[in-house]
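Residue strings, one per chain:
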Amino acid sequence: MHVPLSWLAEFVTWRGATAALVDRLTMAGLEVEGVEEVGRLDRRIRVGRLTAVEAHAGADRLQVCRVDVGERAPLAVVSAAPGLAAGQPVPVALAGARLPGGRTVETADFRGVASAGLLCSEAELDLGDDASRVLVFDDALAPGTPLVELPGIADSVVSVEVTPNRGDWLSILGVAREIAAVTGARLRHPSPRLRERGAAAAREVSVRVEAPDLCPRYCARVVREVTIEPSPLWLRLRLRRAGMRAVNGVVDATNHVMLERGQPLHAFDLARVAEGRVIVRRAAAGERMTTLDGVERALVSDDLVIADPRGPVALAGVMGGQDSEVAPATRALLLESAWFAPAAVRRTARRTGLQSQASYRFERRVDPAMVREALDCVAALIARLAGGRVAPGVVQQDSGTLGRDAPAIRLRTARTSALLGTGFPRGEVARRVRAIGARCRPNGQGLLVTPPSWRGDLRIEEDLIEEVARLGGYDSIPVTLPEAAVVSGELGETRRFSRRVRRLLVAAGLTEMVTLSFTDPETNRRLPGFVGRDLVPLAVKNPLSSETGELRRSPLSGLVRALRTNLDLGATFVGAFELGKGYGTDPGGVRREPRAVTVLLAGTRPPEGLGRSAAAVDFFDLKGVLESLLGGLDVDPARVGWRPLGEVGFLHPGKAVLVEVFGAAVGCAGALHPEIAQGCDLPAEVWVAELDFEKLGAYVPRRVAVRPLPRFPAVTRDLAAVVDEAFRAGKIIEEIRALANPQIESVRVFDCYRGAPIPPGRKSLAYSVSYRAADRTLTDDEVNALHAALLERLKTRFHLELRV
Amino acid sequence: MQTELAALRTAAVAAIEAARTEAELEAVRVQYLGKKGSLTTVVRGLRDVPAAERPAMGALVNDAKQAVEAALAGAAERLARERLTRSLAEERVDVTLPGRARLRGHVHPLRLLEDEIVDIFVSMGFSVADGPEIEDDYHNFGALNFPPEHPARDMQDTLFLDAGDDVLLRTHTSPVQIRVMKAQKPPLRVIVPGTVYRRDELDPTHSPMFHQIEGFMVDERVSFADLKGTLTHFLRRLFGPETAVRFQPTFFPFTEPSAQIDISCPSCAASAADRTCRVCKGKGWLETMGSGMIHPNVLRAVGYDPEAVQGFAFGMGVDRIALRRYGIGDLRLLFDNDLRFLAQFEG
């Protein structure tokens, strides 16, 4: 909300710098977002009085004006503006004056006539929107007065952010009350002075509330003989600075009172309210009405409407109807001031998307005691501005329930001190509570407090304790540390494990990414990942775009997208991982969000140094990452299985592996299916892996004991086998491991060779076997015997052509 | 024989000293002490010397052999020294050529910061808890004292899921408060890092997904003064001991009293706020956390007696703190995953 300080000053006097006021308000919880200085017009912009307006001899559309600017001789100013007449007080920017837009006025020659300045429109002075004509002041003003000296022109506008609990701050009066409460300044709260004339309002108007639960109080007045004209400058200026547009005198008056006192008001053209009968009721389902913005709306039975016997004339608290709108021909008004239930107004405003200044205030609860006062204020203001005559009497219906549901609140001194952590004497508590306008009386060891009518947010003891703390400033509450038993904080298993995985993947040279949990339905369908393979995608009901249409089943969709981004930015190598989640519904209909370790490699590994060339990333880079991860997690490589995966949809069927730990599938890895890669406009080979975080964690040894170091040397023997291309190298390793011979320490593949002299379609695999005994040095003869037995076994098992 | 021996010895020592390379020296060694070397032959010849002369002769021969060996050793050492001197003088590495690069990985800045914050709280006795990101209205709003149709719900524009009436993506980490308090009894000190969602477009200051760290402490006597002390301590550890901290009233449905916590602007110092400061927009303060005493309605919702226990709760946005800490001007950088950006963070 925007608070012009000149307006505020009518309600409370603040002696001090604006910065100090800003600080006090902020520390009271009314956060100031900024202070804008407005209307600081150049002093060379003055009030001028037109003494003569004559046609320019040499130009049809120009006029030569004589302007009295308080100096000895009038100035000659050339203007093309319409509607100029002698006697009008107008703003004149003299040569050299700088206009708010930044332009500097200069003397100019218009076809032989020198112009000494510029007659300004309100738009040129940033005092309004109208740029079509010269601003004409409403009152006779002394020629020569700098505009900046006129009341209400120069001002400071404080923007405050009002929290949803403090609807009472949404008015000048409300902010003034707060200043009075926190500074002790005296609040001025003038009552409206109203002169009623003519026939009683009740003779023309009746009110019937059929939904007292949603509208417990409805008041109406009648003002006759109004003239619909633009409002005076001071009023337009106030609305502008408070952030509202001027419309006409009547609408501006309702807005002025709303901004000043917080009560939204509505003016109907009385002639267009059939029979003057106002009916406040729920809409009938299927009923329709056209709101002020010209949109025809279908209503639902939740909507509260103001109707006449023919049908709805306004959406209560939200927006008026087009049919009953105040128009230039309007002569009599029906003014409405009411208290509508916050939830009902909010429902209708949200459903229709019509969030107005009125609905904003009603949603945050208006002061029930202000309903009648604001009605009198606006009637008085309209009578003053639009020359109307206020009909005697208020036509109203009141259910009598408002305010009854708010019993006095017990406020214990001991409770106040315990919650805030510092002692407060009862007298001080009472003083602070009274400062916010509450009534209170002693009650046992505390007080019985009745909050003021405008503070609907004060309902329980803690609400009052906050007021006590707030009024003294939170700064005055001491800073202590809790007296509590010493306890050790626990990072927890999940977090400890994810830190370990992160450290290992970073050490493997990968960069961690954090990608959005959303994806589009098409990508989600194609990229289930490992953790999401059995999940049904979850759609977002109210997405902002199709890119956020569904929750991803696998973090893979995010990494693939990040790959695209990086390739577009010129990256040649992407090595990334994410510790994220997949989301979806399992076959049993249960919502799941499994954690995953997802890895992506693509492009060309940068060369390690001179003389070493860059190499395209391949399967073995990916497998190496996973091996170093599993190794770092102390998983025995002998307990890790790498099974060809075959058809899994999102991976290349010939380049996919299922990763098993202790026989359980924990994830999969391989090349992204070429069709998917193409669909995402990615390079041919994108290597991805996804491990199920929970499963991985479950199979990782909890504690690793140190193995004793060998005391005797190992002896290695190599073997080579020429096999068919389809023969998997791992079979020989599995076979050797299956022997479970304690003297075979390890076996590894150290070469895979294709080409002459090996015939096409075949390859040579070379293995190195390490033999070692725990209790002695093996002799050559022993090793030879072991190796020979091993070769024999492999030969018979696989019918191999072995070379030693 | 003695004369022959003396001549042999002199010749050998001379040849040894004349050797200029280790190969020449080796040739000399072979010539005299090899299997068929001349000195070896003499040694072998001792067998033919009469037994009576043999000891005297033997001593002489041994003497000669030792002298030659000593000369050989001396020459070998000399030559090795010369070789070292030569290699030190000749061998040069161009130290300005690049090193052999290892792939270096990096941790995402959000995780770096999250770990740092979590570790501070763990050191203060808080334990980490987690909860689901897919939540229901009750845990995200209802139990946290957001009445239906209350404007407080507008503060958190929600993404709903197509999975039943009130299934949504949690808008804050506070639902975990409810879950933990329902499962455990006080005293509690809990910290909850997590991903949260709001219905916002990704732009320089908003994201549909971001990160919060929530915390709470419940005990018999934990007070607002304790809240101030605990969080002041935390903020000074995170932002430095000189950081000024201020608490100002604000509104959250789930706390009463509620406090917004600001820290002094690290760029321009709150005491002398620089009106042109771009970090704090001239305010001198930066809004950093929300906090408050847990609302009695929340305590009741989890089955606690508000007359018997009380506590405070707090929360902060990790992403916004990351922007400030690392001088990042655009929130989208955190989610674009541009490797040129990520590579600037530690591995």
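Relevant structure appears above.
Here we summarise the structure given alongside this text. Keep in mind the model is a prediction, meaning the values are calculated, not measured.

Let's shift gears to the overall build of chain A. A count of helical and extended segments in chain A gives 19 helices and 42 strands. Computed over the C-alpha atoms, the radius of gyration of chain A is 41 Å, more than 25% above the 28 Å expected from 2.2 N^0.38 for a compact globule of 804 residues. Its C-alpha atoms give chain A principal-axis dimensions of about 130 × 85 × 55 Å. Counting over 804 residues, chain A shows a buried share of 42%.

This part covers the pairing of strand β13 (residues 265-269) of chain A. Burial analysis of β13(A) places five of its five residues in the buried class, which makes it a mostly covered element. Going residue by residue along β13(A), you find A:Leu265, A:Ala267 and A:Asp269 tucked away on one face and A:His266 and A:Phe268 tucked away on the opposite face as well.

This part covers the interface of chain B and chain A. In this complex, chain B contributes 78 residues to the contact, which on the side of chain A involves 80 residues. Element by element, the count of residues in the side of chain B that touches chain A is highest for helix α8 (residues 224-239) of chain B, at eight residues. For the side of chain B that touches chain A, the residue count by class is 39 nonpolar, 19 polar and 20 charged.

Moving on, we come to unusual backbone geometry. Excluding glycine, residues mostly have negative phi values, and the peptide bonds linking residues are mostly trans. Here the residue pair A:Ala756 and A:Pro757 is connected by a cis peptide bond, since its omega of 5 degrees sits within 30 degrees of zero. Relative to the assigned elements, A:Pro757 resides in the loop between β40 (744-753) and β41 (762-771). For the bond running from B:Pro186 to B:Pro187, omega is 0 degrees, close enough to zero to count as cis. Position of B:Pro187 among the secondary structure elements: in the loop between α7 (175-183) and β4 (188-197). Despite not being glycine, A:Ala740 has its phi angle at roughly 50 degrees, a positive value. Residue position: A:Ala740 is located in the loop between α18 (729-738) and β40.

With that out of the way, let us pick up the environment of A:Leu237. Mapping A:Leu237 onto the fold places it in helix α4 (residues 233-241). Setting aside anything within four residues of it in sequence, one finds A:Leu237 in contact with A:Leu127 and A:Gly152.

Residue and element names in this part refer to chain B. Over its 37 residues, helix α4 (residues 54-90) extends 52 Å from the first C-alpha to the last, a length consistent with the 54 Å expected when each residue adds 1.5 Å. Among the residues making up α4, those that are buried are Val-61, Ala-64, Lys-65, Val-68, Ala-71, Leu-72 and Ala-75. On its buried face, α4 is in contact with α1 (2-18), α2 (22-33) and α3 (38-45).

This brings us to the sheet that holds strand β10 (residues 155-161) of chain A. All names here are of chain A. Spatially, three strands are ordered β1-β10-β2 in an open sheet, and the strand pairing comes out antiparallel. A strand with exactly one partner marks an edge of an open sheet, and here the two such strands are β1 (2-4) and β2 (31-38). Taken over all neighbouring pairs, the strand axes of this sheet differ in orientation by 25 degrees on average, direction set aside. Pairing geometry for β2 and β10, over seven bridges, is antiparallel. Across the sheet, Glu-36 pairs through a bridge with Val-157, a residue of β10. Against the sheet, helix α2 (residues 18-27) contacts β2 and β10, and its axis sits at roughly 155 degrees relative to β2. Across the face of the sheet, α4 comes into contact with β1, β2 and β10 while running at roughly 140 degrees to β1.

Cut-off values and rules
Residues numbered from 1 in each chain as written. Chains lettered and ligands numbered in written order. Predicted model: local features only at pLDDT ≥ 70, side-chain atom pairs only at ≥ 80, totals over all residues. Helix = DSSP H or I, 4+ residues; strand = E, 2+ residues; numbered from the N terminus. Rg over C-alpha atoms; globule rule 2.2 N^0.38 Å. Buried ≥ 20, exposed ≤ 12 C-beta atoms within 10 Å, placed from the backbone. Contact = placed C-beta atoms within 7 Å. Nonpolar A, V, L, I, M, F, W, Y, C, P; charged D, E, K, R; others polar. Expected span 1.5 Å × (residues − 1). Pairing = 2+ DSSP bridges. Axes fitted to C-alpha atoms, helices over the stretch in contact; angles between N-to-C directions.

So far we have only geometry, and geometry alone does not tell us how the molecule works.
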